[in-house]
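# Structural description and commentary
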Amino acid sequence: AQSVTQPDIHITVSEGASLELRCNYSYGATPYLFWYVQSPGQGLQLLLKYFSGDTLVQGIKGFEAEFKRSQSSFNLRKPSVHWSDAAEYFCAAEAGGGNKLTFGTGTQLKVEL
Amino acid sequence: NAGVTQTPKFRVLKTGQSMTLLCAQDMNHEYMYWYRQDPGMGLRLIHYSVGEGTTAKGEVPDGYNVSRLKKQNFLLGLESAAPSQTSVYFCASSSPRDGEKLFFGSGTQLSVL
């Protein structure tokens, strides 16, 4: 079955520190890959997406993600975290037509000042 | 731009009651979706629609019905609410013109007692 795994439920980092959120997928072929962010009480907002081509993808708010086919991973990174980055982050994948995304269970990011 | 609007924002039901959640989008998107979000489970697709007059089941469709009589509206119905349907419900829309990006509403918090 197709699935998206985010192994870290909670992550705490200090403001200014670097961040990496992990995402692994299990699909027959390389799916489209996405990272979304959800602030408290809000809907989800797209950070970045990977369809094909360059394996390092730049997104909004200074985030980037690297696609690694050999590891079936699409990890999200940010060089220096800001307090406003505290939110829940979701990795998602989509295999075919109809744009039906499968979401991971999310990683809650806490930023310590 | 309103984007995706969900009504109501909060609702409390008693077991067995019925209700309809309304989703409206003003972006002329072809695709619309209903997700539910539960702690530790991420977002799960309930039903979706690829166009006016068409709907399809997602991952967790049981206990829900949907209708898309107009392109801009997607209704989610609960005919006989159960406590297991206590959740946060998100509507989303997308279009190939927007690069498969999902636009989310701000959610509906539903409690079934």
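Coordinates for the structure precede this section.
Quick caveat: nothing in here was measured; it's all calculated off a predicted structure.

What counts as what
- Residues numbered from 1 in each chain as written.
- Chains lettered and ligands numbered in written order.
- Predicted model: local features only at pLDDT ≥ 70, side-chain atom pairs only at ≥ 80, totals over all residues.
- Heavy atoms only, no water.
- Phe/Tyr/Trp six-rings, centres within 6.5 Å; stacked < 30°, edge-to-face > 60°.
- Helix = DSSP H or I, 4+ residues; strand = E, 2+ residues; numbered from the N terminus.
- Buried < 20%, exposed > 50% of the residue type's maximum accessible area, 1.4 Å probe, protein only.
- Core = buried A, V, L, I, M, F, W, Y, C linked by side-chain atoms within 4.5 Å.
- Contact = heavy atoms within 4.5 Å.

Attention shifts here to the packing of aromatic side chains. How two aromatic rings sit relative to each other is set out by the distance from centre to centre and by the angle between their planes. This structure, assessed with the given rule, holds 17 aromatic pairs over all chains. Both rings, one in F90 of chain B and one in F104 of chain B, keep their centres 6.4 Å apart while their planes meet at 80°; by these two values the pair is edge-to-face. Of this pair, F90 of chain B sits in strand β9 (residues 87–94) while F104 of chain B sits in strand β10 (residues 103–104), placing them 14 residues apart in sequence. For the pair F90 of chain B and F104 of chain B, a shared accessibility class is recorded, and that class is buried. Members of the aromatic cluster, each reached through a chain of ring pairs, are Y32, F34, Y36, F51, F90 and F103 of chain A together with Y33, Y35, Y48, F90 and F104 of chain B.

Moving on, we come to the nonpolar core. Judged by nonpolar contacts, the single largest core of 27 residues is most densely connected at L19, W35, L47, L48, F74, L76 and Y89 of chain A. Of all elements in the fold, only β2 (10–14), β3 (19–21), β5 (32–38), β6 (44–50), β8 (64–68), β9 (73–78), β10 (87–94) and β12 (107–112) of chain A reach the threshold of two or more residues within this core. When residues of this core are assigned to their parent elements, the largest contribution, four residues, is made by β10 of chain A. When residues no more than four places from it in sequence are discounted, the contact partners of L48 of chain A are L33, F34, W35, V57, Q58, G59, F63, E64, A65, F74 and L76 of chain A. Listed in part, the 19 residues of the second largest apolar core include L13, C23, C91 and L110 of chain B.

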